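Coordinate inspection notes
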Amino acid sequence: MKKIKIFSSNCLSIWSQKICYVSPINWMLKLHHVKFSASKDEYQWTDPYFLVSPEEFDLEKTYNMLLEEEIDVVAFSVYIWNKKEFFEMAEFFKKKNPNLTIIVGGPELDAHRDKEFFRKYDFIDWVIYGEAEIAFSRLLDHLAGHEVNLLNVISKQGFISEHEPVNKKDDILKYSIYIEFENEITKFLKGLRDRGVFYALCWETTKGCPFLCSFCDWSSGLHHKVRIWGKDELIPNWKKELNLFSKIGVPSIYWTNPNVGLTPQDTEIVDYICDLKQSKKHTPIFISTQFSKTKKEHSYSLLDKMLTYQVTAGLKFDLQDLDPVVLDLIDRPEIEWEYHKTLIKNILDKHSKVKVWGERTNPVWCNFIWGMPGQTLSHIRKNMIESGSLGMFPTHHIFELLPNSPAAEPAYQEKYQMKIKRVYLNVADGVDMHPGPISSHWANAVVENFTLSNKDWFTGVFLFNLYGALTDYNGVQSDHRQAGLGNEENYFDNSLVILNKVINDSYIHFLETDRIEVFFKDRAYGFQNWVGSRRHFLNDLFGNDEDKLFNIRVSLDIPPDIQDNFQHTTKYGLTPENLQNFVLEKS
Ligand code: SF4
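As a starting point, this report considers the structure included with it. On a predicted model such as this, the values are computed, not experimentally measured, just so you know.

**What to know about the overall build of the protein**
Along the protein, the regular secondary structure elements total 21 helices and 21 strands. Relative to the globule expectation of 25 Å for 587 residues, the C-alpha radius of gyration of the protein, 24 Å, shows essentially globular dimensions. Taking the principal axes of its C-alpha atoms as reference, the protein extends roughly 80 × 55 × 45 Å. Sorting the 587 residues of the protein into buried and exposed places 47% on the buried side.

**Quick look at the site of the ligand**
By nearness alone, every residue bordering the ligand is listed as Cys209, Phe211, Leu212, Cys213, Cys216, Trp218, Pro258 and Lys293. Looking at side-chain class alone, the shell around the ligand contains seven nonpolar, no polar and one charged residues.

**A closer look at the sheet that holds strand S17 (residues 419-425)**
In space, the three strands of this open sheet follow the order S18-S17-S19, with mixed pairing throughout. Looking at strand neighbours, the two that pair on one side only are strand S18 (441-448) and strand S19 (515-516), the edges of this open sheet. As defined by bridge partners, S17 adjoins S18 across seven bridges and the pair is classed as antiparallel. Bridge pairing in S18 places valine 423 opposite alanine 443. Across the sheet, helix H15 (residues 454-470) is in contact with S17, S18 and S19; its angle to S18 comes to roughly 135°.

**Considerations on the packing of helix H1 (residues 25-36) against helix H5 (residues 133-143)**
As a packed pair, H1 and H5 sit with axes 8 Å apart at the nearest point and diverge in direction by 55°. One way to sum up the angle between H1 and H5 is to call them oblique. Here H1 runs over H5; the crossing is right-handed. Across the interface between the two elements, Met28, Leu29, His32, His33 and Phe36 of H1 pack against Glu133, Ile134, Phe136, Ser137 and Leu140 of H5. When its residues are assigned to classes, the contact of H1 with H5 shows six nonpolar, three polar and one charged.

**Here's the deal with helix H9 (residues 265-278)**
Compared with the 20 Å implied by 1.5 Å per residue over 14 residues, the 20 Å span of H9 between its first and last C-alpha is a close match. Buried positions along H9 lie against helix H8 (237-248) and helix H10 (296-308). Looking one or two residues past H9, lysine 280 carries a phi angle of roughly 70°, positive in sign.

**Some remarks on the pairing of strand S14 (residues 315-320)**
Within S14, five of the six residues are buried, which leaves it mostly tucked inside the rest of the structure. Note: S14 against strand S15 (residues 364-370), five bridges, orientation parallel. Its bridge partner lying in S15, glutamine 320 is registered against phenylalanine 368.

**Quick notes on the nonpolar core**
Formed by 108 residues in total, the largest nonpolar core has its most connected members in Val74, Ala75, Val104, Val127 and Ile128. Per element, the largest residue contribution to this core is 10 residues, and it comes from H15. When residues of this core are assigned to domains, at least three map to each of domain 1 (2-164) and domain 2 (388-587). Contacts of alanine 75, omitting those with residues within four sequence positions, involve Ile4, Ile6, Phe7, Ile103, Gly105 and Phe136. By size, the runner-up hydrophobic cluster in this structure holds 37 residues, among which are Tyr178, Phe198, Leu303 and Leu307.

What counts and how
Residues numbered from 1 in each chain as written. Predicted model: local features only at pLDDT ≥ 70, side-chain atom pairs only at ≥ 80, totals over all residues. Helix = DSSP H or I, 4+ residues; strand = E, 2+ residues; numbered from the N terminus. Rg over C-alpha atoms; globule rule 2.2 N^0.38 Å. Buried ≥ 20, exposed ≤ 12 C-beta atoms within 10 Å, placed from the backbone. Near = placed C-beta within 6 Å. Nonpolar A, V, L, I, M, F, W, Y, C, P; charged D, E, K, R; others polar. Pairing = 2+ DSSP bridges. Contact = placed C-beta atoms within 7 Å. Axes fitted to C-alpha atoms, helices over the stretch in contact; angles between N-to-C directions. Parallel < 35°, antiparallel > 145°, perpendicular 65-115°, else oblique. Left-handed = near helix turned anticlockwise from the far one by under 90°. Expected span 1.5 Å × (residues − 1). Core = buried A, V, L, I, M, F, W, Y, C linked by C-beta atoms within 7 Å. Domains from an automatic or database assignment.

Here it is, written out as structure tokens:
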């Protein structure tokens, strides 16, 4: 009997939010194996390993766990946010025990495209790409000595299996992992709670996305077929699962479908969760739902209902860019902004002032990507102004190249003259936790393209992150979040002029070190650290008072030892306490 352990993790690059996004990958893989494989009686599945935060990363301790449990096979679920940690672990384990079988899978792996993969990562034995349920079961069968047709796997020894972009057999879809493994999953989630971890359970009711956005690697870029979990069941899986989540007190759900509102059952799901709420039973809070890009009226009517019944916290809109030319270049389906804006405004007028977070109103934010073909500095300016005018925080994520996305194709990069560089974004050095959607991290970033020079790209990242620090990244509990919202035009134009030297010095520092941070008077700072002692005068960038603007220039000349004797006291946004209190209050 061989023993298996599956490794997965939280999204480590946004750990600053202190929410743990729990992926149920262990049970997805296990479900297929115990139901359909030839080797189901030849393996023992042990408790999964889940890396909650970068602080927990400990090679020796994790290896000792494998020794104690006498594990034979480990498999890592690899994403952009954990590749570094999981590869380090895999390498460490292999050195300690060359007989351990190491399997990796997940959208961040490109062994099927990169001929050099196993030369770079010779501690890995097998790579699975694309949908893993069937591929993993077959691989386990093979490792146990059964004759099987392997699927979507590549080995260090040079074996390449059959390639099946989308699984032809959908047998697994009629099952619910939560119902099949209720006791195990309940125990696992209770374990997280007992450790004081606030989690959002990742929950999907469909598989796949019909779109092809250039920056995205959904389904590892292999197919665009949408399938529904348990759709032919008498009682649909989603209903049984929501009942279970209510029974076991799941605090929060991240509904990971990329297009809520696209399938008819989404309306039933939203109705059901609102009914659950009315029944006074415990109702999980939905966070960060992605709504359909095309059926906007319908999907926003679902959002409206969820907000009315307070089964969702916060409003988020994924926009990427407002310019249809840019959206066209990245193959992003979207409705026209002027009309979209009126739909968003209607929602915000009705709900954005609802105080569901204690003393504060709902957080409202939207997501853009910065560095895409067609963008110029005027795009980030417009994105910020338009969002700010609606009271939304305009998050600009760096365009990070995902290896299985359409943008990773050399022809795409050549066409749009994209330059890629590994860069470090220093949001806040040494500050344990900060509000907002982005933590300091290394990124494989698109730093230039045919419309955006490297200097303008850097300037955009700089201006957004400084703005984020000044407004506490729209932190819900922050006193500073209102400082800038609605005044982005002043901020952008004033900063370009008044902070010109700081931006230029920081750019030179970036060219020398690959670090995106504020370089000021011979010292580098994380954006929040630099803002700390200077906030009182930098906030005047949001106004148009000439005297105050002049004063900013003068204040920037004060010797740094006076300014830097400052204790960072930012109030935080999405803390576990805030969320726990919110759930307790509302359940
Ligand atoms: S970004 Fe969303 S809509 Fe676009 S391909 Fe990815 S999952 Fe689909």
